[in-house]
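# Architecture and fold: a report
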Amino acid sequence: MLDVRDLGVAIGRVQPLDGVALQVDRGQVLGVVGESGSGKSLTALAVMGLLPLIGGRVSRGSIRFDGTELTTLAEPAYRALRGGRLALITQNPMTSLDPLRTVGWQVDQVGRLHDGLSPAQARARSLDLLQQLRIPDAATVHQQYPHQLSGGMKQRIVIAMALAGKPDLIIADEPTTALDVTIQAQIIQILVDLVRQRGLALMLITHDMGVVAQACDQVVVLYGGRVAESKTVAATFARPAHPYTRALIGCIATAGQARGTLKGIPGVVPGVADHAPGCRFHPRCDIARPLCSTAVPVLQDDMSGPGNGRVACHFPLSQGHG
Amino acid sequence: MADSTDTLVQVRGLTRRFGSRRGLFGRARTMTAVADVDLDVPRGRVTGVVGESGCGKSTLARLVLRLLQADSGQVLFDGTDLATLSAAELRRLRRRMQFVFQDPYSSIDPRYTVRDALREPFVVQGLDTAGGVDELMAMVGLNPSLAAAHPHQLSGGQKQRVGIARALALRPSFLVLDEPTASLDVSIQAQIIGLLEGLQRDLGLTYLFISHDLGLVRYLCDRIVVMYLGRIVEVLPAPGSAARHPYTVALMDSTFEPDPARRRVVTRLTGEIPDAFNPPPGCAYAARCPHASDRCRTERPTLARHGEHELACHHPQG
């Protein structure tokens, strides 16, 4: 459904994305994971064609959506895709909601604009969607304004708006980061159920390896605007090949983990203009060698086993290094 | 009750209400942020308080250090009732109890350098800073070259290290930490948790650790206090204790393990946290609880002790 290859993004002279590649199929959840500044949200903006909003542009590579090349798509055609077959859910639902309109009107509007439904048809479809998203008393909620709803409820409304456009691909950028844990769990469950039941493709952007383990089928780990590793969720956690992936997993405490054993990653994510030469992770890497500071590792097949995806590391862990 | 020599901080019947003023269309209303909370904080241990937004955990943290005044109830610090102290006595006692904020720099002048920020606690107490700043920076793993840096030049993790160093400046025995890592990246969060663990162990500190993250609390804390809508609903005596309150069970089910082999089936909690201005008469969790009965909707369960375990539920699980 979505096939991104060798994507580069430039903002002025800096190159915050440098060769990002990822694929999402129908009925599949792709997790895009990394720390702040790794390029996760920029990847989302690039796919949505929204880079001009932040003064950026695609500098190389391709983004194919169901066979259509998006990097050269004219703006009117892009606009027809956005909010229709291509939906974006952001961390803050108020980015997508108008505070002066009832939430029902806003969900209705998607059906009216994209499908030319009558007000009554649009309302009926909105109510149906709200019920599918397990919103209790949907008819009442339909008439409420965003400020009358909790954060979790607002995020469900944004999901309903996305679904009203009958999307083939949903990009959810940290959709639950601002929510309480019990609400987060429900929203993640709702999104995963939608993918399974409707055959949508979902690109789930998160910094939380717990959410990745819970929800995703495939995982792309980004660091410094490059892909560090890309493989199935099972292989990512069972046999992380990139030291960064291993370190990210090690940052989350597991049930029963002994005290004193939680490891952070030393140092901080560098700014886009301050990347180290060679492998961008090498200053924070616990197994870096001289080669890592001079040569950029190429993303290549991880040879440790079949279906093990790809890794960009000179000394991948799965091959006995580290 | 635990023996008082083992208990550094005792909280009894602590209650705090907030009022909203009469608005354009509405009447003045009050909500009880913390309702009749009893809590023992054992000396030299880490006590965790966990709950979702609006459960009263941050208000409780501030009440315990008397950064906020309680409407009723007592806080005894090492046997001394904080409410009976004069301003000067309280200031002296504050050397022994300190607060670490989620965003330490929201309370520091942006024109201060790191050195200025770390000197301030000494100045406030009328003490000599000689050598103190360098030692503090070393203690929290800050490079000495950062002493002249301003806050905007620091990363989030560095700022939180400064916040911790400030709290440690006067050699306290008790730290209240209010979501100290909630706004940090996971990699930095783990660094800071590691630092806090080391300091607690090496200095024999007592922590009250406030967090919404049950996974983190279970890792770091010796005892876990679970709050819901201003009240304690369960106290787990050990991090591995089985949860018996349906809310604690739901919190545990919502905490995703970083292991795809241990995916959770998320129970469909219906409903949301009730309006604190208009709480239900019975158990505050009843509207979301799959086990709720008529009794739960009319009669609020009280917190009862079962050995070391404390529980407020008519239908405990497990």
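Parameters and conventions
- Residues numbered from 1 in each chain as written.
- Chains lettered and ligands numbered in written order.
- Predicted model: local features only at pLDDT ≥ 70, side-chain atom pairs only at ≥ 80, totals over all residues.
- Helix = DSSP H or I, 4+ residues; strand = E, 2+ residues; numbered from the N terminus.
- Buried ≥ 20, exposed ≤ 12 C-beta atoms within 10 Å, placed from the backbone.
- Contact = placed C-beta atoms within 7 Å.
- Domains from an automatic or database assignment.
- Pairing = 2+ DSSP bridges.
- Axes fitted to C-alpha atoms, helices over the stretch in contact; angles between N-to-C directions.
- pLDDT = per-residue confidence, 0-100.
- Nonpolar A, V, L, I, M, F, W, Y, C, P; charged D, E, K, R; others polar.

Our next topic: the overall build of chain A. Counting secondary structure elements, chain A contains 10 helices and 12 strands. Structurally, chain A occupies a C-alpha span of about 65 × 50 × 35 Å along its principal axes. Residues classed as buried in chain A amount to 50% of the 322 residues present. Sequence-distant contacts in chain A: of pairs separated by 6 or more residues, those separated by 24 or more amount to 63%.

Before going further, it helps to spend a moment on the domain arrangement of chain A. Here chain A is described as being made up of domain 1 (93–166) and domain 2 (240–319). Look at where the C-alpha atoms of domain 1 of chain A and domain 2 of chain A centre, and you get two points 42 Å apart.

Note on sheets: strands pair through backbone hydrogen bonds, and any given pair is parallel or antiparallel. Residue and element names in this part refer to chain B. With respect to topology, eight strands assemble into an open sheet ordered E6-E7-E8-E3-E9-E10-E12-E11, the strand pairing being mixed. Lying at the two open borders of the sheet, with one neighbouring strand each, are strand E6 (97–100) and strand E11 (304–306). Each neighbouring strand pair of the sheet contributes to a mean axis angle of 20°, computed without reference to strand direction. The pairing of E6 with strand E7 (residues 174–178) spans four bridges and is classified as parallel. The partner of Phe 99 across the bridge, within E7, is Val 176. Each of strand E3 (46–50), E7, strand E8 (206–211) and strand E9 (223–228) touches helix H1 (residues 57–64); the most contacted strand, E8, lies at about 155° to it. Lying on the sheet, helix H5 (residues 156–168) is in contact with E6 and E7; it crosses E6 at an angle near 170°.

Attention shifts here to the pairing of E9(B). All names here are of chain B. Burial analysis of E9 places six of its six residues in the buried class, the great majority of the element. A two-sided burial pattern is seen for E9, the buried positions comprising Arg 223, Val 225 and Met 227 on one face and Ile 224, Val 226 and Tyr 228 on the other. Bridging between E3 and E9 involves four bridges; their strand directions are parallel. By the bridge assignment for E9, Val 50 is matched with Val 226. Direction of pairing for E9 relative to strand E10 (residues 231–236): antiparallel, over a ladder of five bridges.

Quick look at the confidence of the model for chain A now. Looking at chain A, the pLDDT average stands at 91 and 98% of residues meet or exceed 70. Between the elements of chain A, mean pLDDT differs from a low of 89, seen in helix H7 (residues 181–198) of chain A, to a high of 97, seen in strand E3 (residues 28–33) of chain A.

What follows concerns the interface of chain B and chain A. Contact residues are listed per partner, giving 38 residues for chain B and 39 residues for chain A. Contributing elements (two or more residues each) for the side of chain B that touches chain A: helix H6 (186–203), helix H7 (214–220) and helix H8 (246–254) of chain B. It is H6(B) that provides the largest number of residues to the side of chain B that touches chain A, a total of nine residues. Here the residues of the side of chain B that touches chain A sort into 14 nonpolar, 14 polar and 10 charged.

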